[in-house]
Amino acid sequence: EACEFIQEFLEEGQPSESEKLKFLRAVETLSATVQAQANGNMNDYFPKTILAKKIEVLILEESTEVLVSSVHQRAMLCIVALSGCRSTYAPCFLTCQTVQALDDMLQALVMEDMDPDMSLLQNFLEIILPWLTLSEKVHQQVRALGTISRMLRFICNFPRLSHMMEFSMTGKMMGILGLSCMNANHEISVEASEALHYFFKILVLHRRDQTTLGFGHSQSGMLTLQRQLLFSLQFFRKYLTPEERADVIMVPMEAMTNASRHDVCAASKMLKMILKHPMPEIGKVPEITQYIYHNMNRITETTAQETIKKILYLLAQTYTEEVILTLFNMEDGSQRGVCKPWEILASFPKGYEVIMEFLLQKLTPYQKLKGQEPSHSTEISPLIATRAIQELLLEPSRRTEVQTFFPSLCMALLFQISFLVVEGDTDFQEQQHATERMDPVSSSVEALKTLMRSTGYGDYVSYIQKLGGWELLTSPERHYEGVTLLARAMVIKNCWHNRPIFSFLIRILQERDHKNRLTAFMFLTELLRCPDVAATVDEVTVHILANWFQCEEPAIVKLLLRVAETFAKHGNMVQQFRILEPYVLGCCYSLDDDIVMETFTVLKCLVEHLTWKHSSSFLTQLTFMLGPLFEEESEHLRLMAFEIYGALLAKVKRTVLVFPLKHQVLNLIVLLVLHLEDANVNVAQVRGPGHGAWASPWFSPHPRNSSRGAFLSLQICRPALCHTATILGWSRLKEIFAEKDVWTILRALLKQEGNRALWFLKQCLALFKSPQAPIRQTAVRFAGQIIQTLDAEEANEIEEVYTALKYMREDPDSMVSCLAAQTLYILEAKEKLLVNPPTSCFCSRRPGKTYS
């Protein structure tokens, strides 16, 4: 319908005012339709120049006596609509006469009641500005600037402006006028300077006090070009909104990509003046980033290229999140390769560091403080941060900076992998639609590999690949094996960053609630195998590690025990190990069986590597601590306790056998002998002939399977007995300990060391509580044998033994209870023999007792 009416109107001679308005509305409708089409062109319907000429005629036909008319306003809006349509013709299609007519009517047209309407001004500026920006003819640019200047001069005298908040061309106007001020043509420069002057007055009047920038009210106060530019920069920083500043920057940037129409050097100079001082807050960062991304390759002038690069760098340094998200959104939209933004970002050392620091913080969102709000969807996720880091690492220009970031970046990526593999992250699954190239775990692993290669560890990456370490790292079941392999490989390859990584891990382990503490300890434990790393461990570091013994995570405690073992293996870390000694020994009493077993495994290694010269105190404490553990119900634990004690005795020389160590060695002698009768199949004694000790059949040893348990006898207890004899100087007993059965050993021991009979008796008393019935049986029998050798004075000191034997009559093992009862009867009979009248005043006897 619009097309048909336009055709009819163009053929008519004298249309009415209503027909004119209908024609103008039809043109607007057609223009809107063309603009909505992807490749629409007004010339496909009607030649644009014909429509423009007809509108010009309508304007000129209007009476000049009436400044404001419906046709005037509708015609101006129609021109605005036409100027937005794509055409091969520039929109500067109005004749000189039309421009004059517009100049005469503008003041009336922008008026709404008694105040200028800024929304109408914007409509007119959208018509006039293309004359300035798209025309190559100087006189047209001058005429456009003159028209704009006169309009602004008229408006700046009004204290009130309507629809000021709707005026959205402030930044664009300032950019266009400022760039025109730098035009090589003097006439254009002067006209632009005048227009900019009035534009400043309007904005200052309605934003701040007029005197702020020192503007006068008359044209005689016009500023010089140099001062005008200075005020432009001051105005840019203090009085424009962030979005308006962005519009100012976009104008010279657009000029740089169109060298045939604008002076690229002038645009570059203008941007340099803006960038010379610290950049204030800028809006529309995504739009600026997109423009640079798409048009960087179109800018060929060297100075302009450097200026554009600096803009992107400054934006990335201040608005890292927005820039990186914009870059990835464009790259994920199949626009990759248009330019090399990552190369630009990597070309500035300081900015590279700032961006990397920012991305590092985004890699660890899992260590949030309690109550911290979760990240919004518009923020950079750890996945996006990982991809950005990899893109920056792929740029070869910043190898030195990568060396500095390696420890923290390597651990951050490893921690992220641990979090994703072990705990998983549903947020990452939601974000995965943002990248189809790889899943979060693979992306993180690839970033870690890229980091290694960028730092010069390409052979390390290949070595890990050969050992299957990267696959282990991504396996939920074997992830920590992969972590251990990575750290161990760094030690094997003697990586230069081992020490910095260790220092970094120690710093983060000062936080007790660190999310990835297990991964940190895994890596740290392996790094300590490196002598260079171990050399950096001071007392402060050891105390930080020691505090973690209080945590309730068995896996971490086990790793700390391995750390203590590593200290001992290095041989030169005596002082550091001494701090951990009480914590290691304390683990023997843990309620967690796995920790206890791990402690005994580590203790066995410690005894092997420690020396009496440097660790006598620890080894002596260990000797005392092992005593109760010889009676553990756990077969494996009991066996390990004997192994440790045997290894410890093998290190003792007679020169160091002094109190209290000598006392403890003697205190365990009976225990060692009796455990040659251990009931466990792995520790039982292979019995020899002639083991009976009593004439009564009740005191014959319990028959045993002679094929069981030579292990402890031959490899642990018997060698331990021989070592004991050696360090005590018992050469005769040593031969007996090496070859004879239990009862031969006990008789020989009692015969040679009769003066220690009471001490041996107390050791038997302690073994009455053994969980093994065979041990209790032998203890009761040997106790009875010892008691028979005591004289009257010594017999007075065994009241505790009598009490214990009474209790043993209730032993669940029938043999033990029977032996206890018989021993009491024998003791009672012996007691009666000792009851004789005293022969002198110096003789005394103990009153008779009844043991029933």
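For clarity, every value in this text was computed on a predicted model and none was experimentally measured.

Draft legend 1. Just the overall build of the chain, in detail. Each helix and strand counted, the chain has 43 helices and two strands in total. Out of the 852 residues belonging to the chain, those deemed buried represent 54%. A total accessible area of about 39,200 Å² is found for the chain, and carbon and sulfur atoms account for 51% of it.

Draft legend 2. Just helix α8 (residues 170–181), in detail. Between its first and last C-alpha, α8 extends 16 Å over twelve residues, near the 16 Å set by a 1.5 Å rise per residue. Counted residue by residue, α8 has eleven buried out of twelve residues, so it is predominantly covered. Looking only at α8, the buried set comprises T170, G171, M173, M174, G175, I176, L177, G178, L179, S180 and C181.

Draft legend 3. Molecular detail of the side chain of Q576. Here Q576 is to be found in helix α30 (residues 574–586). Here Q576 falls in the buried class, since its relative accessible area comes to 15%. Within the structure, the side chain of Q576 is placed 3.0 Å from the backbone oxygen of V537, a separation counted as a polar contact. In this structure, Q576 is in contact with V537, V542 and F567, ignoring residues within four places of it in sequence.

Draft legend 4. Structural context of unusual backbone geometry. Put simply, F659 and P660 share a cis peptide bond, and its omega is 5°. With respect to the helices and strands, P660 occurs in the loop between α33 (635–651) and α34 (661–667). Its identity as a non-glycine residue notwithstanding, K284 has a phi of 50°, on the positive side. Among the structural elements, K284 can be located in the loop between α12 (264–275) and α13 (285–295). We classify K284 as partly exposed; its relative accessible area is 33%. Within the chain, N494 stands out as a residue other than glycine whose phi angle is a positive 50°.

Draft legend 5. Local environment of the environment of F23. Structurally, F23 can be placed in helix α2 (residues 17–36). You can call F23 buried: its relative accessible area is 0%. For the pair F23 and I55, spaced 32 residues apart in sequence, the C-alpha to C-alpha distance is 9.5 Å. Leaving out residues up to four positions away in the same chain, F23 has contacts with F5, I6, F9, L10, L51, K54, I55 and L58.

Draft legend 6. Main features of the packing of aromatic side chains. Across all of its chains, the model carries nine aromatic pairs by this definition. Consider the rings of F9 and F23, whose centres lie 4.2 Å apart with planes at 15°: the pair is stacked. Placement of F9 in helix α1 (residues 2–11) and of F23 in helix α2 is noted, with a sequence separation of 14 residues between them. Taking the relative accessible area as the measure of exposure, F9 reaches 1% and is therefore buried. For the ring pair F630 and Y645, a centre distance of 5.5 Å and an interplane angle of 70° mean the geometry is edge-to-face. Pair noted here: F630 is in the loop between α32 (612–629) and α33 and Y645 is in helix α33, with a separation of 15 residues, a long-range link. Like Y645, F630 is buried. Grouping aromatic residues by their ring pairs yields a cluster made of F5, F9 and F23. Positioned over the ring face of Y463 is K493, at 4.7 Å from the centre of the ring.

Draft legend 7. Representation of the confidence of the model for the chain. When pLDDT is averaged across the chain, the result is 79; 80% of the residues are at 70 or more. Note on residues 366–377: pLDDT under 50 across the span, and eleven contacts to partners over four residues away in sequence or across chains. Per-residue pLDDT stays below 50 along residues 840–852; that stretch engages in 22 contacts with residues further than four places along the chain or on separate chains.

Draft legend 8. Highlighting helix α31 (residues 593–609). An ideal rise of 1.5 Å per residue puts 24 Å on 17 residues; α31 measures up with 25 Å between its terminal C-alpha atoms. Those residues of α31 that sit buried are I595, V596, M597, E598, T599, F600, V602, L603, C605, L606 and V607. For α31, the secondary structure elements touched by its buried residues are α29 (554–570), α30, α32 and α33. With a side-chain oxygen positioned 2.9 Å from the backbone nitrogen of D594, the residue opening α31 is D592.

Draft legend 9. Here's a closer look at a negative patch on the surface. There is a patch of like negative charges on the surface, built from E1, E4, E8, E11 and E12. With respect to the helices, strands and loops of the structure, E8 is situated in helix α1.

Draft legend 10. Structural detail: the pattern of salt bridges. For the structure on display, the rule yields 14 salt bridges. The partner of E481 in a salt bridge is R478, and the shortest N-O contact between them spans 2.8 Å. We classify E481 as partly exposed; its relative accessible area is 40%. The network of salt bridges with shared partners includes R562, E565, K569 and E598.

Draft legend 11. Examining the environment of I249 more closely. On the secondary structure map, I249 appears in helix α11 (residues 242–256). I249 sits in the buried class, given a relative accessible area of 2%. As a C-alpha pair, I249 and M174 span 75 residues in sequence and 9.8 Å in three-dimensional space. Sequence-distant contacts of I249, defined by excluding residues within four places in its chain, comprise F236, L271, I282 and I311.

Draft legend 12. Spatial organisation of the packing of helix α18 (residues 382–393) against helix α19 (residues 399–423). At a minimum axis separation of 12 Å, α18 and α19 run at an interaxial angle of 150°. Relative to α19, the element α18 is oriented roughly antiparallel. The interaxial crossing formed by α18 with α19 has left-handed handedness. The residues of α19 that touch α18, namely those facing P382, T386, I389 and L393, are R399, V402, L409, L413 and Q416. Of the residues belonging to the contact of α18 with α19, the class tally is six nonpolar, two polar and one charged.

Draft legend 13. A look at the nonpolar core. Residues L505 and F523 are the most contacted members of the largest nonpolar core, which totals 261 residues. Per-element accounting of this core gives the leading share, 14 residues, to α19. Excluding anything up to four places from it in sequence, F523 contacts M411, L414, V483, L486, A487, M490, I501 and L505.

Draft legend 14. Just the side chain of K362, in detail. Here K362 shows up in helix α17 (residues 349–363). According to the relative accessible area criterion, K362 is buried, its value standing at 18%. Within polar-contact distance, the side chain of K362 engages the side chain of E321 at 3.3 Å. Those residues within four positions of K362 in sequence are excluded, and the remaining contacts are E321, E379, I380, P382 and A385.

What counts as what
Residues numbered from 1 in each chain as written. Predicted model: local features only at pLDDT ≥ 70, side-chain atom pairs only at ≥ 80, totals over all residues. Heavy atoms only, no water. Helix = DSSP H or I, 4+ residues; strand = E, 2+ residues; numbered from the N terminus. Buried < 20%, exposed > 50% of the residue type's maximum accessible area, 1.4 Å probe, protein only. Areas by Shrake-Rupley, 256 points an atom, 1.4 Å probe, with all protein chains shown as cover. Expected span 1.5 Å × (residues − 1). Polar contact = N/O pair within 3.5 Å; in protein donor to acceptor, adjacent residues only side chain to side chain. Contact = heavy atoms within 4.5 Å. Phe/Tyr/Trp six-rings, centres within 6.5 Å; stacked < 30°, edge-to-face > 60°. Lys NZ or Arg CZ within 6 Å of the ring centre and 35° of its normal. pLDDT = per-residue confidence, 0-100. Patch = residues over 30% accessible without salt bridge, like charges linked within 9 Å, V, L, I, M, F, W, Y side chains within 5 Å. Salt bridge = Lys/Arg side-chain N within 4 Å of Asp/Glu carboxyl O. Lys, Arg positive; Asp, Glu negative; His and termini not counted. Charge placed at Lys NZ, Arg CZ, Asp CG, Glu CD. Axes fitted to C-alpha atoms, helices over the stretch in contact; angles between N-to-C directions. Parallel < 35°, antiparallel > 145°, perpendicular 65-115°, else oblique. Left-handed = near helix turned anticlockwise from the far one by under 90°. Nonpolar A, V, L, I, M, F, W, Y, C, P; charged D, E, K, R; others polar. Core = buried A, V, L, I, M, F, W, Y, C linked by side-chain atoms within 4.5 Å.

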